[in-house]
Amino acid sequence: MYGGFFSLEDIILTKEDIQNIADELYLDSIKASAEGELPISACLFYNDNGFTKKKIRHNNTKSKISLAHAEVSVIVETLAELNRPYLNDASLFVTLEPCPMCMGAILKTKIKRLYYFADDVKEGSLSYYHFPIDGKIEVIKILDDRFENLLKDYFKNLREKKKEENV
């Protein structure tokens, strides 16, 4: 885990806070997987008139909407709730490195910080596409193998299930 302190305007996130967020996202990802959804979750911390608020969403593959990624869902819902175009006082935690679409949404809404737990070596905006962020956002990768292992297990089980259906 990352050991630093980060300010979210008046909000200080300690190592323990970040661990608690990771645990919450992990539990949400397990729940999503049990429901047949991709085990990818996002958590947005933002300031609403001096109050710290948090929202958690996971990918919604059952909706059959390919844009229903956890990051986009939590961003759109929060923007609508706050009735404003930007989240420049927000920090986003996501279990998997954002894809280019999600990174575009993150940058467009001016989110201040992005924390992620697992690299996406096939479609990640940073590790695969080397998306230019040019200092527009602070990006912190947090080492936590639980998320990568959960994704690997999910896709392994999915392949096995498809194999059984084809027999």
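Rules behind the numbers
Residues numbered from 1 in each chain as written. Predicted model: local features only at pLDDT ≥ 70, side-chain atom pairs only at ≥ 80, totals over all residues. Heavy atoms only, no water. Helix = DSSP H or I, 4+ residues; strand = E, 2+ residues; numbered from the N terminus. Buried < 20%, exposed > 50% of the residue type's maximum accessible area, 1.4 Å probe, protein only. Areas by Shrake-Rupley, 256 points an atom, 1.4 Å probe, with all protein chains shown as cover. Right-handed = clockwise from strand over helix to strand, strands pointing away. Pairing = 2+ DSSP bridges. Expected span 1.5 Å × (residues − 1). Arc of directions from axis to C-beta. Phe/Tyr/Trp six-rings, centres within 6.5 Å; stacked < 30°, edge-to-face > 60°. Polar contact = N/O pair within 3.5 Å; in protein donor to acceptor, adjacent residues only side chain to side chain.

> Help me understand the overall build of the chain in this model?
Looking only at helices and strands, the chain has 4 helices and 7 strands in total. When its helices and strands are written in sequence order, the chain yields β-β-α-β-β-α-β-α-β-β-α. For the chain, buried positions account for 44% of its 167 residues. Carbon and sulfur atoms make up 52% of the accessible area of the chain, which totals about 9300 Å².

> Help me understand the pairing of strand β6 (residues 113-118) in this model?
In summary, the side chains of a regular strand alternate between the two faces of the sheet. The element β6 is extensively covered by neighbouring structure, given that 6 of its 6 residues are classed as buried. For the crossover from strand β5 (residues 91-96) across helix α3 (residues 100-108) to β6, the handedness is right-handed. Pairing of β6 with strand β7 (residues 138-141), which is carried by 4 bridges, proceeds in the parallel orientation. What sits directly across from tyrosine 116, in β7, is lysine 141.

> Help me understand helix α1 (residues 15-34), please; the structure alone is not making it clear to me.
With 20 residues, α1 should reach 28 Å at 1.5 Å per residue; the first-to-last C-alpha distance of 29 Å fits that figure. Along α1, the residues that are buried comprise Ile18, Ile21, Ala22, Leu25, Asp28, Ser29 and Ala32. End-on view of α1: buried residues confined to an arc of 130°, all on one side of the axis. Opposite the packed face of α1, turned more than 90 degrees from it, sit the exposed residues Glu16, Leu27 and Ala34. With its phi angle positive at about 85°, glycine 36 sits one or two positions after the end of α1.

> Looking at this model, I keep getting lost on the packing of aromatic side chains. Mind explaining?
Tallying each qualifying case throughout the model produces 6 aromatic pairs. Each ring, one from phenylalanine 45 and one from phenylalanine 93, has its centre 6.0 Å from the other, and the planes form 70°; the classification is edge-to-face. Here phenylalanine 45, found in strand β3 (residues 41-48), pairs with phenylalanine 93, found in strand β5; they are 48 residues apart in sequence, far enough to count as distant. With a relative accessible area of 10%, phenylalanine 45 lands in the buried category. Relative to tyrosine 115, the ring of phenylalanine 93 lies with its centre 4.1 Å away and its plane at 0°, an arrangement referred to as stacked. Remark: tyrosine 115 occurs in strand β6 and phenylalanine 93 occurs in strand β5; sequence separation between them is 22 residues.

> Quick question: what am I supposed to make of the environment of tyrosine 46 here?
Examined against the element boundaries, tyrosine 46 turns out to sit in strand β3. For tyrosine 46, a relative accessible area of 1% corresponds to the buried category. Measuring from C-alpha to C-alpha, the distance between tyrosine 46 and aspartate 89 comes to 5.9 Å, with 43 residues separating the pair along the chain. At a separation of 3.0 Å, a polar atom in the side chain of tyrosine 46 contacts the side chain of glutamate 81.

Nothing here speaks to function; it is geometry throughout.
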